[in-house]
Amino acid sequence: MGRLHPTSRHPRGREYRAPGGAWDLPSLDAIITAAHDDPRVAALAGGLRAEGVGRGDVVAWQLPNWDEASLLYRACWRLGAIAGPIHHQAGATDVDRMRAVLSPRFTLHADDVRGPASRFERLLDSPPVVRSAARPSDLAVALFTSGSTGAPKAALHTQRGLAHKALTMARAHGLTADDAVLMPAPLAHISGLLNAVLIPGVIPMRAILM
């Protein structure tokens, strides 16, 4: 199975990673768990681990805006695995291209999550992963562009990069646990990921998924 590697790097990356730099943060899993612990994350991480998912492996899914997608993101980050969400309205050709790039270790579709014999429920019935294997430098997500200039392209995000973005946004908007976000954008898009998964993770506020 192939591994995802960036083809370009931030020109100030070394400065950001230095002690006291913008990316000098704990793992995304550690930050979110400290603000908003959810036992389903540990159970789902245990189910994924039982399926052979470990650090650096990709977990792909193609789901509507369901709460289960948020849990899948967080379970991946608990394991140090890479979330590979695929837009739920992507066509078959684009989906095939995305899967070829991701080479996922494990994949879930909508029927696997809310179907009559839910694989997702079976994953939750697993010994929990309480101790995180994640590192701040781990790749956290591979998000795909819309493909408007050709085939969809994967943008790779690290745990510390996303943690910095979420904390910065929460501070900039003065958000507290009394706030809520109404999210129409897909969770496979950066807007949905940031505003409905990451910010409500670092600030224990509600996310209402449309």
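Residues numbered from 1 in each chain as written. Predicted model: local features only at pLDDT ≥ 70, side-chain atom pairs only at ≥ 80, totals over all residues. Heavy atoms only, no water.

Could you clarify how one ought to interpret the overall build of the chain in this entry?
Regarding its fold elements, the chain presents nine helices and seven strands. Against the globule reference of 17 Å for 210 residues, the chain gives a C-alpha radius of gyration of 16 Å, in line with a compact fold. Counting every position in the chain, which comprises 210 residues, the buried fraction comes to 48%. Considering only contacts within the chain whose residues lie at least 6 apart along the sequence, 74% involve residues at least 24 apart. Entry remark: accessible area of the chain is about 10,500 Å², with carbon and sulfur atoms responsible for 52%. (Helix = DSSP H or I, 4+ residues; strand = E, 2+ residues; numbered from the N terminus. Rg over C-alpha atoms; globule rule 2.2 N^0.38 Å. Buried < 20%, exposed > 50% of the residue type's maximum accessible area, 1.4 Å probe, protein only. Contact = heavy atoms within 4.5 Å. Areas by Shrake-Rupley, 256 points an atom, 1.4 Å probe, with all protein chains shown as cover.)

Please explain the environment of P64 as it appears in this structure.
Tracing the sequence through the fold places P64 in the loop between strand 1 (58–62) and helix 4 (67–79). Residue classification places P64 among the partly exposed residues on the basis of a relative accessible area of 27%. For the pair P64 and A110, spaced 46 residues apart in sequence, the C-alpha separation works out to 7.6 Å. In contact with P64, not counting residues within four places along its chain, are H88 and A110.

Just checking my understanding: could you explain unusual backbone geometry for this structure?
Apart from glycine, the bulk of residues carry a negative phi angle, and the bulk of peptide bonds sit in the trans form. We note that S103 has phi near 45°; this positive angle belongs to a residue other than glycine. Topologically, S103 is positioned in the loop between helix 5 (92–102) and strand 3 (106–109). The exposure class assigned to S103 is partly exposed, which follows from its relative accessible area of 25%.

It is not clear to me how the side chain of S126 should be interpreted in this structure. Could you clarify?
Looking at where S126 falls in the secondary structure, it is placed in the loop between helix 7 (119–124) and strand 4 (139–144). Relative accessible area serves as the criterion here: at 16%, S126 is assigned to the buried category. A distance of 2.6 Å separates a polar side-chain atom of S126 from the backbone oxygen of L123. Setting aside chain neighbours within four positions, we find S126 in contact with A43, G46 and G47. (Polar contact = N/O pair within 3.5 Å; in protein donor to acceptor, adjacent residues only side chain to side chain.)

Looking at this model, I keep getting lost on the packing of aromatic side chains. Mind explaining?
Two measures describe an aromatic ring pair: the distance that separates the ring centres and the angle between the ring planes. Inspection of every chain in the model, using the stated rule, returns three aromatic pairs. Pairing W61 with Y73 gives two aromatic rings, centres 5.1 Å apart and planes at 90°, and the pair type is edge-to-face. Here the residue W61 occupies a position in strand 1, and Y73 occupies one in helix 4, the gap between them amounting to twelve residues. In this pair, the class of W61 matches that of Y73, namely buried. Judged by centre distance (5.5 Å) and plane angle (35°), the rings of Y73 and W77 are tilted. You can see Y73 and its partner W77 sitting in helix 4, four residues apart, about one turn around the helix. Each member of the pair, Y73 as well as W77, is classed as buried. Feature note: the residues W61, Y73 and W77 constitute an aromatic cluster, connected by ring pairs. The ring of W66 has R114 lying over it, and the distance from NZ or CZ to the ring centre is 4.2 Å. (Phe/Tyr/Trp six-rings, centres within 6.5 Å; stacked < 30°, edge-to-face > 60°. Lys NZ or Arg CZ within 6 Å of the ring centre and 35° of its normal.)

For this particular structure, what's the right way to read the layout of surface pockets?
A water-sized probe, rolled over the atoms, reveals where empty space remains. Taken as a whole, the largest pocket spans an internal volume of roughly 920 Å³. Every residue lining the largest pocket is counted, 31 residues in all, and those nearest its centre are P6, R9, L139, L156 and T158. When residues of the lining of the largest pocket are assigned to their parent elements, the largest contribution, five residues, is made by strand 5 (residues 154–158). Counted by class, the lining of the largest pocket contains twelve nonpolar, eleven polar and eight charged residues. (1 Å grid on protein atoms, 1.4 Å probe; cavity = no way out; pocket = protein on both sides within 12 Å on 5 of 7 lines; lining within 4 Å. Points joined across faces, edges and corners; volume = space filled by probe spheres on them. Nonpolar A, V, L, I, M, F, W, Y, C, P; charged D, E, K, R; others polar.)

Mind showing me how you'd approach helix 8 (residues 159–172) here?
Because each turn of an α-helix spans 3.6 residues, side chains separated by three or four positions in sequence point in the same direction. End to end, helix 8 covers 20 Å across 14 residues, agreeing with the expected 20 Å (1.5 Å per residue, within 8%). Restricting attention to buried positions, one finds in helix 8 the residues Q159, R160, G161, L162, A163, A166, M169 and A170. Close packing links the buried residues of helix 8 with helix 1 (13–17), helix 2 (28–35), helix 4, strand 4, strand 5 and helix 9 (190–202). Following helix 8 by one or two positions, G174 has its phi on the positive side, about 60°. (Expected span 1.5 Å × (residues − 1).)

Hey, could you run me through the environment of L72 in this one?
Tracing the sequence through the fold places L72 in helix 4. Along the backbone, L72 and F144 are 72 residues apart, and their C-alpha atoms lie at a distance of 17 Å. When neighbours within four sequence positions are excluded, L72 is seen to be in contact with L44, W61, L63, L108 and F120.

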